[in-house]
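# Descriptive analysis of the structure
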Amino acid sequence: MSEDSLIVNMLLGCGPNAIAKRVLLPAVPTCTSRILSFIKKPEAKGQTHLGKIDSLDVSVVPTGIGCPSAAIVMEALHRAKVKIAVRVDFVGGLMEYLRIGDIVIANSAFKGDGTTRHYMEGEKVEADSNLTNLLIQKSKDCNRKIYVGPVWTTDALFRETPELYKKAVKKGSIGIDMESSAIFTLGKIYKMRTAAIMVVSDKPGTEESLVHAVKYASELLQGLDDAIKIALSAIVSFGDIV
């Protein structure tokens, strides 16, 4: 067994050939189970699932929460020769105009985490522009309003402060999450096309904070379903990537 195969098996519990070249990356179990409901005959492969959309293989690979976990998963996906990876999960909305259930496409991420500094310098990292533009186009095709802009990625969910929100907004961030900067950074290093389409789950620092957002469950799930459909449409129509 090659070193790459050993690493993939150690980290994801399966061999590289069990992972498709097109991957969706949820972080939390709710998003994972919702995505799997859109995949044809998903089959568990270690910590991942492999299924089909139309005739194309698609994998669902949970990153876990936070950049350290997401970076480890991306290292495994690189060794499995994954070509396209789209984060589909939740994001905190920082702009007044955002509502729970709205869809945000992150074209870049500010690196407020502690992981990405070990990989690449700079305060901000871009998503793959071609894949991001395809997500935007697919959103238009299904007449779904979306918001595009940078997000702020942080490590400490329970140490988000009003000062942090102000700093993120001042930099131009429209949302805050915990994984995008790692996904974009490792995607850039390893020449993997990466993008992120996320659903506003809460409005940090307001009465619509995460612990009070449960009353918006129907809007949240509808937004998540729409984001999943857009992401799947984008990755299967990207062309021949093998």
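My aim in this report is to walk through the structure given alongside it, one point at a time. Numbering of residues starts from 1 in each chain and follows the order in which that chain's sequence is written. Whole-chain, interface and lining totals are the exception, using all residues; otherwise, since this is a predicted model, local features are given only for residues with pLDDT of at least 70 and side-chain atom pairs are given and counted only at 80 or more. Heavy atoms from the whole structure form the basis of all side-chain values; hydrogens and water molecules are not counted.

What follows deals with the overall build of the chain. Helix and strand definitions here come from DSSP, where helices need a minimum of 4 consecutive H or I residues and strands a minimum of 2 consecutive E residues; each element is numbered from the N-terminal end. The number of helices and strands found in the chain is seven helices and ten strands. The C-alpha atoms of the chain give a radius of gyration of 17 Å, which matches the 18 Å a tight globule of 242 residues would have. Each principal axis of the C-alpha distribution contributes one length, and for the chain these read about 50 × 40 × 30 Å. For the exposure calls, accessible area comes from a 1.4 Å probe over protein chains only, and a residue counts as buried if that area is under 20% of its type's maximum, exposed if over 50%, partly exposed in between. Here the chain holds 242 residues, and 56% of them are scored as buried. Here a residue-residue contact requires only that any non-hydrogen atoms of the pair lie within 4.5 Å. Here the analysis covers contacts within the chain between residues at least 6 apart in sequence; of these, 79% occur between residues at least 24 apart. Element-wise, carbon and sulfur atoms account for 53% of the exposed surface of the chain, whose accessible area totals about 11,000 Å². Across the chain, 30 positive and 27 negative side-chain charges occur, with their mean positions spaced 3 Å apart. Values of the radius of gyration come from C-alpha atoms, whereas the globule rule sets the reference at 2.2 Å times the count of residues to the power 0.38. All accessibility values rest on the Shrake-Rupley procedure with a 1.4 Å probe; residue burial counts only the protein chains present in the view. Only four residue types enter the tally: Lys and Arg on the positive side, Asp and Glu on the negative side; His and the chain ends are excluded. Working definition for charges: the position is that of NZ of Lys, CZ of Arg, CG of Asp or CD of Glu.

It is worth spelling out the packing of helix α4 (residues 129–141) against helix α7 (residues 217–236) at this point. Every axis in this analysis is a line fitted to C-alpha atoms, fitted for helices over the stretch in contact. Angles between the N-to-C directions lie between 0 and 180 degrees. Where α4 meets α7, the closest approach of the two axes is 9 Å, and the angle between their N-to-C directions is 125 degrees. Our classification of the angle between α4 and α7 gives oblique. The two elements α4 and α7 cross, and the hand of that crossing is right-handed. Along its contact with α4, which presents Leu134, Leu135, Lys138 and Ser139, the element α7 presents Ile230, Ala231, Ser233 and Ala234. In terms of residue class, the contact of α4 with α7 is made up of five nonpolar, two polar and one charged. Small angles under 35 degrees read as roughly parallel and large ones over 145 as roughly antiparallel, with 65 to 115 read as roughly perpendicular and the rest as oblique. Less than a right angle of anticlockwise turn of the near helix away from the far helix marks a crossing as left-handed, whereas a clockwise turn marks it as right-handed. Under this grouping Gly is polar, as are all residues other than the nonpolar Ala, Val, Leu, Ile, Met, Phe, Trp, Tyr, Cys and Pro and the charged Asp, Glu, Lys and Arg.

Below, the discussion takes up the packing of aromatic side chains. Paired rings are identified among Phe, Tyr and Trp, the last through its six-membered ring, by centres lying within 6.5 Å, and are further divided according to the angle between planes into stacked (under 30 degrees), edge-to-face (over 60) and tilted (the rest). Tallied over the full model, the rule gives two aromatic pairs. Summarising the aromatic geometry, the rings of phenylalanine 110 and tryptophan 152 are spaced 5.8 Å apart at their centres and angled 25 degrees between planes, so their arrangement reads as stacked. Here the residue phenylalanine 110 occupies a position in strand β6 (residues 103–112), and tryptophan 152 occupies one in strand β8 (residues 146–154), the gap between them amounting to 42 residues. The exposure class of phenylalanine 110 is buried, given its relative accessible area of 4%.

Let us look at the pairing of strand β3 (residues 48–53). Each regular strand carries side chains that alternate between the two faces of the sheet. The pairing criterion for strands is at least two bridges between them, as found by DSSP. Looking at chain direction, strand β2 (residues 40–45) and β3 are connected through four bridges and run antiparallel. For lysine 45, the partnering residue across the bridge sits in β3 and is threonine 48. Two successive antiparallel strands, β2 and β3, enclose a turn made up of two residues, where glycine 46 displays a positive phi of approximately 65 degrees. Joining the antiparallel neighbours β3 and strand β4 (residues 56–60) is a turn of two residues, in which aspartate 54 adopts a positive phi near 55 degrees.

This part covers the side chain of lysine 111. Note that lysine 111 resides in strand β6. What makes a salt bridge here is a side-chain nitrogen of Lys or Arg within 4 Å of a carboxyl oxygen of Asp or Glu, nothing more. As a buried residue without a salt bridge, lysine 111 has its nearest oppositely charged side chain in aspartate 113, at a separation of 7.0 Å. Leaving out residues up to four positions away in the same chain, lysine 111 has contacts with Thr116, Met120, Glu121, Gly122, Glu123, Lys124, Val125, Thr153, Ser181 and Thr185.

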